[in-house]
Amino acid sequence: MRRVLTTCPYCGTGCNMYLIVEDGEVVGVAPCESHPVSEGRLCIKGWKAHEFIHSPDRLTRPLIKRHGRFVEASWDEALDLVAEKFLKIFNHYGPRALGFFSSARCTNEENYVMQKLARAAFKTNNIDHCARLCHASTVAGLVAAFGSGAMTNSINELLDARSILVTGSNTTEQHPIIGGKIIRARERGAKLIVVDPREIQLAKLADIHLRPLPGTDVAWLNSFIHVILEEGLEDRGFIRDHLESEAFEEMKKAVTSDRYSPEDTEKITSIPANDLRRAAILFASNRPGSLVYSMGITQHVQGTDNVKSVANLQMILGNVGFHATGVNPLRGQHNVQGACDMGALSSWYPGYQPVTDSEVMGRMADAWGVKVEEMDDRVGLTIVEMVEAAGEGEIKGLYIVGENPMVSDPDINHTKECLEKPFLVVQDLFVTPTTELADVVLPAASFAEKNGTYTSTQRTVSRIRKAIEPPGESKPDHWIMGQIAERVGYSGCSYPSPKEILDEINRVTPIYAGITWERIGSEDFPFGISWPCPDVDHLGTTFLHGGGNFSRGKGRCHVCEYVPPPEKPDGEYPFRLTTGRIAFHYHTGTMTRRSPTLDREVRSGYIEVNPEDAERLGIRHNRMVKVSSRRGEITVRAEVSSIVPPGVVFAPWHFEEAAANKLTIAALDPVAKIPSLKVCAVKLERA
Ligand code: SF4
């Protein structure tokens, strides 16, 4: 038996674990006691992370669709076909007719190569990944407010906070190890305020639980600030020394209007005015205070404004730039932070360097050995825009790596119509509803079968290590991308190993300059280094904006006015649907549903319905119910529970046969282009 130290392939907490290997198979997982975040603990997903690796469902050979049916092909046949088709589209219609979906499930090195393939080999910024569906608004909002779009503080600092505000994050389900730290902080005396429509587990432990209607976050956040300013609880010294004064005054004027008094806010949010007042005072009076959020804040048409409002709140309290404070967005996938850092986003090169900056473009062109005049100097299309453009015939070739938009994207029926049109290449571990639509399917290696790095939600870059060989003919993602690039005449995407890719990342990405292959995993940094790390003598950065010195200079407040969600309940569709994840499953379930233990826990989708609503509609617990919106319908089991308030229903979105995203709406945040996955109007009927 061998033990191989690696990083968990599920949520963004970045727990380290050992894979236990026997006779070329991963037979189990053991926690790593010395890891500073996981401290010898793992959640159920982590403990069972080995179970999907040897699933008989793994894709092991390339597949090409001929006459509507998949047939097995050699790598040369499949790669030649992809290169030939993409080159033809490139030559006939130009680089903007191609699109690339990278993946938060791939390593940093693979994401780097994927965006280089798009930008250097195919000269397009049409490269994006699923952060667009979860935290694009975090990047947009926090870059605007602070100058950096990542979690400001580290996970363990939560233990020292005197107050913690958790909103839009069911932390004990989605980030159980972080949820455990919040519970420990609570036991040590921290005040806990939970703002969430559902009565999640943390709500039961909270000093105050506020239940806003989904889609009304800007209103309650403005009202919090209204109360804090009214009570004189803001940090005047911090505001004077560290914030842009004009922007602060404009924001102050907007939030102190009557519109955001607790009483008027109650009419929008349904939060009782006195409760809101008590919560704002409790949070402001117990500093340092940490604010934790997740997709309940970001997945809205006002997602960017929600994030800016969260930043406003923490800035006026002086809760940024110090230990145990911060604005802390929790990333849902193990490498969604890294995929963003690597520039798998339509507007950024690696390290959040803008694609529209000619000086940066010149540097990247030099590093990649391409002519600067051939580079794309416009922001590319985002995930949802690429799907739409495919439907309109503008994107003619689409290469999707490790993504499953047929379950994860909003308005799936429409997504399907769009994805049926282009020449579609999908690279994955398993057959998925998205591979079914592909012209070519390429089999990839799992986290246990390759080397590389992931970046956790707290910006820590740590190693994953190869424990076994990939099954059949499946290959690491970066090898496949390199082969496609070679076939279109660009050799810059081929590397002997991930180490050489990270060497190049170090050279072109200032925040990763000191995070070298040699350092991470060495005795000095056995569990990685947190960016920014500008050189090889730097120890990494635990919290950002130290002392209130923001990355952008001074912190900037923003005026964010409440705008109602794009679809409100009405006579025909009287319920607000909100969607989310559960403890036993990950993303679109391709891995966790192939883990017998996790699958046994929750086998399929369901919808939570408040008992009052259930009684009125004659819906009984565990019976099937038809849920419809203006875009589609699903039939799922009813879970009658007061975890949801009357008028609100909740469905997990992991399950393709009960896909909640058949119901959701593709209305986009105008800045971050994130869809409104967290709220739409539906009706319920007994099935
Ligand atoms: Fe893996 Fe997240 Fe669970 Fe840790 S908390 S074991 S990273 S899924």
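Everything here concerns the structure above.
Report on the accompanying structure. (Residues numbered from 1 in each chain as written. Predicted model: local features only at pLDDT ≥ 70, side-chain atom pairs only at ≥ 80, totals over all residues. Heavy atoms only, no water.)

## Some words on the overall build of the protein chain
Here comes step 1: When helices and strands are tallied, the protein chain shows 24 helices and 26 strands.
Here comes step 2: Taken over C-alpha atoms, the radius of gyration comes to 24 Å for the protein chain, in line with the 26 Å a tight globule of 687 residues would show.
Here comes step 3: Taken over the C-alpha atoms alone, the protein chain extends approximately 70 × 60 × 55 Å along its principal axes.
Here comes step 4: A separation of at least 24 residues holds for 74% of the contacts in the protein chain among residues at least 6 apart in sequence.
Here comes step 5: For the protein chain, the computed accessible surface area is about 23,000 Å², with 47% contributed by carbon and sulfur atoms.
Here comes step 6: Positive and negative side-chain charges in the protein chain, numbering 76 and 87 respectively, have mean positions lying 2 Å apart. (Helix = DSSP H or I, 4+ residues; strand = E, 2+ residues; numbered from the N terminus. Rg over C-alpha atoms; globule rule 2.2 N^0.38 Å. Contact = heavy atoms within 4.5 Å. Areas by Shrake-Rupley, 256 points an atom, 1.4 Å probe, with all protein chains shown as cover. Lys, Arg positive; Asp, Glu negative; His and termini not counted. Charge placed at Lys NZ, Arg CZ, Asp CG, Glu CD.)

## Brief notes about the sheet that holds strand S11 (residues 289-293)
Here comes step 1: Pairing within the open sheet is parallel, and its 5 strands lie in the order S10-S9-S8-S11-S12. With one partner strand each, in any of the chains shown, strand S10 (208-210) and strand S12 (327-329) form the two edges of the open sheet. Strand after strand, the sheet turns through a mean of 15° between neighbouring axes, direction not considered.
Here comes step 2: Contacts from helix H15 (residues 303-316) reach strand S8 (163-167), S11 and S12, with the element oriented near 170° to S11. (Pairing = 2+ DSSP bridges. Axes fitted to C-alpha atoms, helices over the stretch in contact; angles between N-to-C directions.)

## Concerning the side chain of Asn 404
Here comes step 1: By the element assignment, Asn 404 lies in the loop between strand S15 (397-401) and helix H19 (405-408).
Here comes step 2: Classification of Asn 404 as buried rests on a relative accessible area of 0%.
Here comes step 3: Reaching out from Asn 404, the side chain makes a polar contact with the side chain of Thr 434 at a distance of 2.6 Å.
Here comes step 4: If near-sequence neighbours (up to four positions away) are discounted, Asn 404 is found in contact with Arg 105, Thr 432, Pro 433, Thr 434, Thr 588 and Thr 590. (Buried < 20%, exposed > 50% of the residue type's maximum accessible area, 1.4 Å probe, protein only. Polar contact = N/O pair within 3.5 Å; in protein donor to acceptor, adjacent residues only side chain to side chain.)

## Here we look at the packing of aromatic side chains
Here comes step 1: Under the definition given, this model contains 18 aromatic pairs.
Here comes step 2: Both rings, one in Phe 86 and one in Phe 100, keep their centres 6.1 Å apart while their planes meet at 75°; by these two values the pair is edge-to-face. With a gap of 14 residues between them, Phe 86 in helix H2 (residues 75-93) and Phe 100 in strand S6 (residues 98-101) connect regions that are remote in the sequence.
Here comes step 3: A residue is classified by how much of its surface remains accessible, and Phe 86, at 0% relative accessible area, is buried.
Here comes step 4: Aromatic side chains Trp 348 and Tyr 352 sit 6.0 Å apart centroid to centroid with 70° between the ring planes, which places their arrangement in the edge-to-face category.
Here comes step 5: Joined through ring pairs, the aromatic side chains of Phe 86, Phe 90, Phe 100, Phe 122, Tyr 399 and Phe 423 make up one cluster. (Phe/Tyr/Trp six-rings, centres within 6.5 Å; stacked < 30°, edge-to-face > 60°.)

## Overview of the side chain of Thr 298
Here comes step 1: Tracing the chain through its elements places Thr 298 in helix H14 (residues 295-298).
Here comes step 2: Residue Thr 298 is classed as buried on the basis of its relative accessible area, which comes to 0%.

## Some thoughts on unusual backbone geometry
Here comes step 1: Cis rather than trans, the peptide bond between Arg 287 and Pro 288 has omega equal to 5°.
Here comes step 2: Mapped onto the fold, Pro 288 is located in the loop between helix H13 (273-285) and S11.
Here comes step 3: For the bond running from Trp 531 to Pro 532, omega is 0°, close enough to zero to count as cis.
Here comes step 4: With respect to the helices and strands, Pro 532 occurs in the loop between strand S20 (529-530) and strand S21 (575-580).
Here comes step 5: Even without a glycine there, the phi angle at Ser 270 is positive, about 70°.
Here comes step 6: Residue placement: Ser 270 occurs in the loop between helix H12 (262-269) and H13.
Here comes step 7: The class for Ser 270 is partly exposed, based on a relative accessible area of 39%.

## Digging into the packing of helix H9 (residues 217-230) against H15
Here comes step 1: Packing of H9 against H15 leaves a shortest axis separation of 9 Å and a crossing angle of 15°. Judged by the inter-axis angle, H9 sits roughly parallel to H15. In the crossing of H9 with H15, the sense of the turn from one axis to the other is left-handed. Only Asp 305, Asn 306, Ser 309, Val 310, Asn 312, Leu 313 and Ile 316 of H15 make contact with H9, whose side of the interface consists of Asp 217, Val 218, Leu 221, Asn 222, Phe 224, Ile 225, Ile 228 and Leu 229.
Here comes step 2: Taken together, the residues that form the contact of H9 with H15 break down as 9 nonpolar, 4 polar and 2 charged. (Parallel < 35°, antiparallel > 145°, perpendicular 65-115°, else oblique. Left-handed = near helix turned anticlockwise from the far one by under 90°. Nonpolar A, V, L, I, M, F, W, Y, C, P; charged D, E, K, R; others polar.)

## Examining helix H7 (residues 176-187)
Here comes step 1: A rise of 1.5 Å per residue sets the reference length of H7, with its 12 residues, at 16 Å; its end C-alpha atoms lie 16 Å apart and thus fit the reference within 8%.
Here comes step 2: The set of residues buried in H7 consists of Ile 177, Ile 178, Gly 179, Lys 181, Ile 182 and Ala 185.
Here comes step 3: Buried residues along H7 sit against S8, helix H6 (171-174), strand S9 (191-195) and helix H8 (201-205).
Here comes step 4: After H7 finishes, the residue Gly 189 shows a positive phi value of roughly 110°. (Expected span 1.5 Å × (residues − 1).)

## Thoughts on the pairing of S21
Here comes step 1: Taken across its 6 residues, S21 has 6 buried, putting it largely inside the fold.
Here comes step 2: Burial of the side chains of S21 extends over both faces: Phe 575, Leu 577 and Thr 579 are buried on one face and Arg 576, Thr 578 and Gly 580 on the other.
Here comes step 3: Of the pairings in the sheet, the one linking S21 to strand S26 (residues 680-686) comprises 3 bridges and is antiparallel in character. Paired with Arg 576 across the strands is Ala 681, a residue of S26.
Here comes step 4: Examined bridge by bridge, S21 and strand S25 (residues 648-652) share 5 bridges and lie parallel to one another. When the bridges of S25 are listed, Thr 578 appears paired with Phe 650.

## Quick word on the site of the ligand
Here comes step 1: The environment of the ligand is formed by Cys 8, Tyr 10, Cys 11, Thr 13, Gly 14, Cys 15, Leu 42, Cys 43, Gly 46, Pro 176 and Ile 177.
Here comes step 2: The residue makeup of the shell around the ligand, split by class, is 8 nonpolar, 3 polar and no charged. (Near = heavy atom within 4 Å.)

## Concerning the nonpolar core
Here comes step 1: With 72 residues, the main nonpolar core has Phe 86, Phe 100, Leu 117, Phe 122, Trp 368, Tyr 399 and Leu 442 as its most contacted residues.
Here comes step 2: Residues contacting Trp 368, with those up to four places away along its chain left out, are Tyr 112, Gln 115, Lys 116, Arg 119, Ala 120, Tyr 349, Met 375, Tyr 490 and Glu 504. (Core = buried A, V, L, I, M, F, W, Y, C linked by side-chain atoms within 4.5 Å.)

## Side note on the sheet that holds S20
Here comes step 1: On the basis of which strands lie adjacent, the open sheet formed by 3 strands has the order S18-S19-S20 and antiparallel pairing. One side of each edge strand has no neighbouring strand; the edge strands of this open sheet are strand S18 (452-455) and S20.
Here comes step 2: Looking at chain direction, S18 and strand S19 (residues 460-464) are connected through 4 bridges and run antiparallel. Opposite Gly 452, over in S19, you have Ile 464 as the bridge partner.
Here comes step 3: The sheet strands contacting helix H3 (residues 108-121) are S18 and S19, and the helix crosses S18 at an angle near 95°.

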